[in-house]
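Inside the fold
Take a look at the letters that make up each chain.
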Amino acid sequence: MKTGILWLLSLPLLFVILYGKSGRHSIAPNEGTPIDSTLTLFQKNPLLKEFYRLNQYTSQWNDTLIRKELLDHLARAEEEGLQPKDYEYETLRDRENHYTELSDSLKTDYEVRLSRSALRWLRHLSDGKLNPYLIYDDWDLRRTPTQVAPLLQEALQQRNLTAVIEGCKPNHPVYQKLKRSLKILRGYPDKFIGLVNLKEKILPNQKSKYIPIIKKRLMYWGDMPEKDTILNQTYDAKTQRAMLRFQKRHGLRPDGIIARATIDALNYSRDQRIEQVIVNMERWRWYPRELGYHYLLVNIPAYNIVAVKDQDTLQYQRVVVGRDTRPTPILSSKISNINLNPNWTVPPTILKEDLFPEAEKNPYHFRKKGLQILDKDNQEVDPKLWKKEDAFRYKYVQNPGRNNSLGLMKINFPNRFTVYLHDTNHRDYFSLSYRSLSSGCVRLQKPLEMAEHILNDSIIWPLQKIKDTTDIAHYQALRELKIKQLTLQQAKLKKKYPNRVIAPIDLPKAALKTIYIKVKDEIAIHQWYWTAWEEKGVLQFREDIYCLDASLYTLLRYK
């Protein structure tokens, strides 16, 4: 009994050696051993302190099976695109392998390291290793940080560590497909094939000295499964079929022409594709876990939008997104209303960078663009009176119509970037494979169909009524019909009262009016960014249009 008491009394000295500070209690490998709540270590790591506070400052890693269960997960961190070294895996494994030989001080140290690594592991799985708000200015996703200390407490108390760890991982199918992509890529041989340094195009049936290396790359990636005579320099039909497959899964125009964008995609190495998948896995750890029962999801680099309701995809459309100098922001919000026949008030960035420089050369550039200059009283200002020094005293408005920059429809949702979804007067853009062309907003390929989907009211707002409401020809036809009716009435009156003076018919010209419709259903909108995934075992990649992947990978690996 005296020996046990003396042993307990000696433990504070152990912490003086380990941490340079004595305390009231200390960690020991025996269950229920108290821990000093004032340790400097805890002050430097609030999560660690919170975890031990929840557990009444007692040791928690006394079960060999639980310790080894954690180590097994940390050993496989690469499966999640993370690194075992970030969780001190080598040190922890060494401690576990020699556990019976450890001194009391090293067992104490092992206890603390296990807790610290487990908390860090859960946090990285739940919320990501990095904080996007510290990296990007155009990021607006609201997520409450995961409370990992209570989660770890539950995992150890309930002995369900694996279940808790799996629950921390993103549950979206895209994340699961990224994990499969990572596994597939790591199965490819690590060998250098060479780069395609081609500067001109190669058309079908042409000959080129680069065709052999292109064939090697197509075979490497499985797009050209059959063996071929590599030295053959003809861009033959078999190579064309392989190239079409390659182009499709890279989001390129599937025309078989080997041009700059195709060459850039061909020149990616296996390791570069692995890095691309890893950064996309990190992004999915940043995104909200619940997308909603009903939502629109934009993948910016893939130039597409889907509308999903009750896990069923009801709409798929092409989109145009912001160019690299005015990128579409990453955000989540809720749709508030739809404008049919919107007018467009030119935002400050476009005024400063696009409109004013042209107007200085020719003030009638405003009218050329269909813009009215309005003063503070909404009175129109003659363009010839416009001066650059007074430019920001006015607002610049484009009236509704097909030539309006917003097209015929606009979908609004609260966000700090003043962006929205809308139609466009540049319908030709949707035929392009590269569609990073807007000033930040997302343009829809089929805007009126999306409006019908969102409004979800076949009685008041069927698709045909939406089309009629946004079609000037519809109002012109109504005006002409009204004129015919009035002309008939006047003819009858004239016949009945030949001497009566009848005023000429004077109806206003047909015009489109802006209509605001509140959206009654709760529909989320997500504008996200991912450049890699997998579909039925086939790797899919998209151009990193905002050049975010490489820098993010560097931060993930070296920060």
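Note that the structure is predicted; figures quoted are calculated from it, not measured.

What counts and what doesn't
Residues numbered from 1 in each chain as written. Predicted model: local features only at pLDDT ≥ 70, side-chain atom pairs only at ≥ 80, totals over all residues. Heavy atoms only, no water. Helix = DSSP H or I, 4+ residues; strand = E, 2+ residues; numbered from the N terminus. Rg over C-alpha atoms; globule rule 2.2 N^0.38 Å. Buried < 20%, exposed > 50% of the residue type's maximum accessible area, 1.4 Å probe, protein only. Contact = heavy atoms within 4.5 Å. Areas by Shrake-Rupley, 256 points an atom, 1.4 Å probe, with all protein chains shown as cover. Lys, Arg positive; Asp, Glu negative; His and termini not counted. Charge placed at Lys NZ, Arg CZ, Asp CG, Glu CD. UniProt positions renumbered as here; feature names shortened; annotations may be inferred. Pairing = 2+ DSSP bridges. Core = buried A, V, L, I, M, F, W, Y, C linked by side-chain atoms within 4.5 Å. 1 Å grid on protein atoms, 1.4 Å probe; cavity = no way out; pocket = protein on both sides within 12 Å on 5 of 7 lines; lining within 4 Å. Points joined across faces, edges and corners; volume = space filled by probe spheres on them. Domains from an automatic or database assignment. Salt bridge = Lys/Arg side-chain N within 4 Å of Asp/Glu carboxyl O. Phe/Tyr/Trp six-rings, centres within 6.5 Å; stacked < 30°, edge-to-face > 60°. Lys NZ or Arg CZ within 6 Å of the ring centre and 35° of its normal.

Across its full length, the chain holds 19 helices and 17 strands. Expected size for 559 residues packed as a compact globule is a radius of gyration near 24 Å; at 33 Å, the chain overshoots this value by more than 25%. Across its three principal directions, the C-alpha atoms of the chain cover 130 × 65 × 50 Å. Across the 559 residues in the chain, those meeting the buried criterion constitute 47%. Counting contacts in the chain only where the partners sit at least 6 residues apart, residues at least 24 apart contribute 66% of the total. On the chain, roughly 29,200 Å² of surface is accessible, and the fraction owed to carbon and sulfur atoms is 52%. Taking the 89 positively charged and 65 negatively charged side chains of the chain as two groups, their mean positions are separated by 6 Å.

With that out of the way, let us pick up the UniProt feature "domain: L,D-TPase catalytic" (unreviewed entry) in the chain. Annotation from UniProt places "domain: L,D-TPase catalytic" (unreviewed entry) at residues 294-475. As annotated, residues 294-475 has a helix share of 21% and a strand share of 30%, and its two end C-alpha atoms lie 34 Å apart.

This part takes up the pairing of strand 3 (residues 304-309). Regular strands place side chains that alternate from one sheet face to the opposite one. Counted residue by residue, strand 3 has five buried out of six residues, so it is predominantly covered. The pairing of strand 2 (residues 294-299) with strand 3 spans six bridges and is classified as antiparallel. Each residue of the ladder has a partner; that of tyrosine 295, found in strand 3, is valine 308. Connecting the antiparallel pair strand 2 and strand 3 is a turn made up of four residues, with tyrosine 303 showing a positive phi of about 55 degrees. Pairing of strand 3 with strand 4 (residues 312-322) involves six bridges; the strand directions are antiparallel. Opposite valine 306, over in strand 4, you have tyrosine 316 as the bridge partner. Between strand 3 and strand 4, which pair antiparallel in sequence order, lie two residues; one of them, aspartate 310, sits at a positive phi of approximately 50 degrees.

Considering soluble globular proteins, one finds that nonpolar side chains tend to be buried as a cluster. Counting 109 residues, the largest nonpolar core has Ile214, Leu296 and Tyr396 as its most contacted members. The element that contributes the greatest number of residues to this core is helix 13 (residues 270-286), accounting for seven residues. Beyond its immediate sequence surroundings of up to four residues, isoleucine 214 is in contact with Val196, Ile202, Met243, Ile258 and Leu266. Counting 33 residues, the second-largest nonpolar core is a separate cluster that includes Tyr99, Trp121, Leu122 and Leu156.

Looking at the element boundaries, glutamine 83 is found in the loop between helix 4 (64-75) and helix 5 (89-97). Along the chain, glutamine 83 and methionine 281 lie 198 residues apart, while their C-alpha atoms are 13 Å from each other. For glutamine 83, the contacting residues outside a window of four places in its chain are Ala77, Glu78, Lys129, Leu556 and Arg557.

Quick look at the layout of surface pockets now. Taken as a whole, the largest pocket spans an internal volume of roughly 1,400 Å³. If one sorts the elements of the lining of the largest pocket by residue count, strand 4 sits on top with four residues. Both of domain 2 (206-268) and domain 3 (292-459 + 519-558) provide at least three residues apiece to the lining of the largest pocket. The calculated volume of the second largest pocket comes to roughly 1,100 Å³.

The subject of this paragraph is the UniProt feature "active site" (unreviewed entry) in the chain. Here, the residues flagged by UniProt with the feature "active site" (unreviewed entry) are His422 and Cys441. In terms of the greatest pairwise C-alpha distance, the residues named above, spread along 20 residues, form a tight cluster of at most 7.6 Å across. Restricting the annotated residues to those that line the second largest pocket leaves His422 and Cys441. Counting through the fold element by element, histidine 422 comes out in strand 11 (residues 421-422). Assessed through its relative accessible area of 5%, histidine 422 is described here as buried. Every residue in contact with histidine 422, bar those within four places of it in the chain, is listed here: Ser405, Leu406, Met409, Lys410, Cys441, Val442, Arg443 and Leu444. Take cysteine 441: it is sitting in the loop between strand 12 (436-438) and strand 13 (442-444). Those residues in contact with cysteine 441 that lie beyond four places of it in its chain are Val320, Val321, Gly322, Thr328, Thr418, Val419, Tyr420 and His422.

Before going further, it helps to examine the pattern of salt bridges. Applying the stated criterion to the full structure yields 36 salt bridges. Between glutamate 282 and arginine 285 there is a salt bridge, and its shortest N-O distance comes to 3.0 Å. Here glutamate 282 and its partner arginine 285 are both found in helix 13, three residues apart, which amounts to about one turn of the helix. The class of glutamate 282 is buried, set by a relative accessible area of 0%. With a shortest N-O distance of 3.9 Å, aspartate 354 and arginine 323 are connected by a salt bridge. Of this pair, aspartate 354 sits in helix 14 (residues 348-361) while arginine 323 sits in the loop between strand 4 and strand 5 (330-334), placing them 31 residues apart in sequence. The exposure class assigned to arginine 323 is partly exposed, which follows from its relative accessible area of 24%. Beyond isolated ion pairs, a larger network of salt bridges with shared partners links Glu88, Arg95, Asp109, Arg113 and Arg116.

Further remarks concern the packing of aromatic side chains. For the structure on display, the rule yields 21 aromatic pairs. Ring plane angle 85 degrees and centroid distance 5.0 Å describe the contact between tryptophan 284 and tyrosine 287, whose orientation is recorded as edge-to-face. Ring centres 5.3 Å apart and planes at 15 degrees place the aromatic pair phenylalanine 366 and tyrosine 396 in the stacked group. Residue phenylalanine 366 is found in helix 15 (residues 365-368), and its partner tyrosine 396 is found in strand 9 (residues 395-398); the two are separated by 30 residues along the sequence. Judged by its relative accessible area of 0%, phenylalanine 366 is buried. The class of tyrosine 396 is buried, set by a relative accessible area of 1%. Members of the aromatic cluster, each reached through a chain of ring pairs, are Tyr136, Trp139, Trp284, Trp286, Tyr287, Trp528 and Trp530. Sitting over the ring of tyrosine 268, arginine 273 keeps its end group 3.7 Å from the ring centre.

Bringing the domain arrangement of the chain into the picture now. What the domain assignment reports for the chain is domain 1 (40-169), domain 2 (206-268) and domain 3 (292-459 + 519-558). Put simply, the middle of domain 1 and the middle of domain 2, counted by C-alpha atoms, are 46 Å apart.

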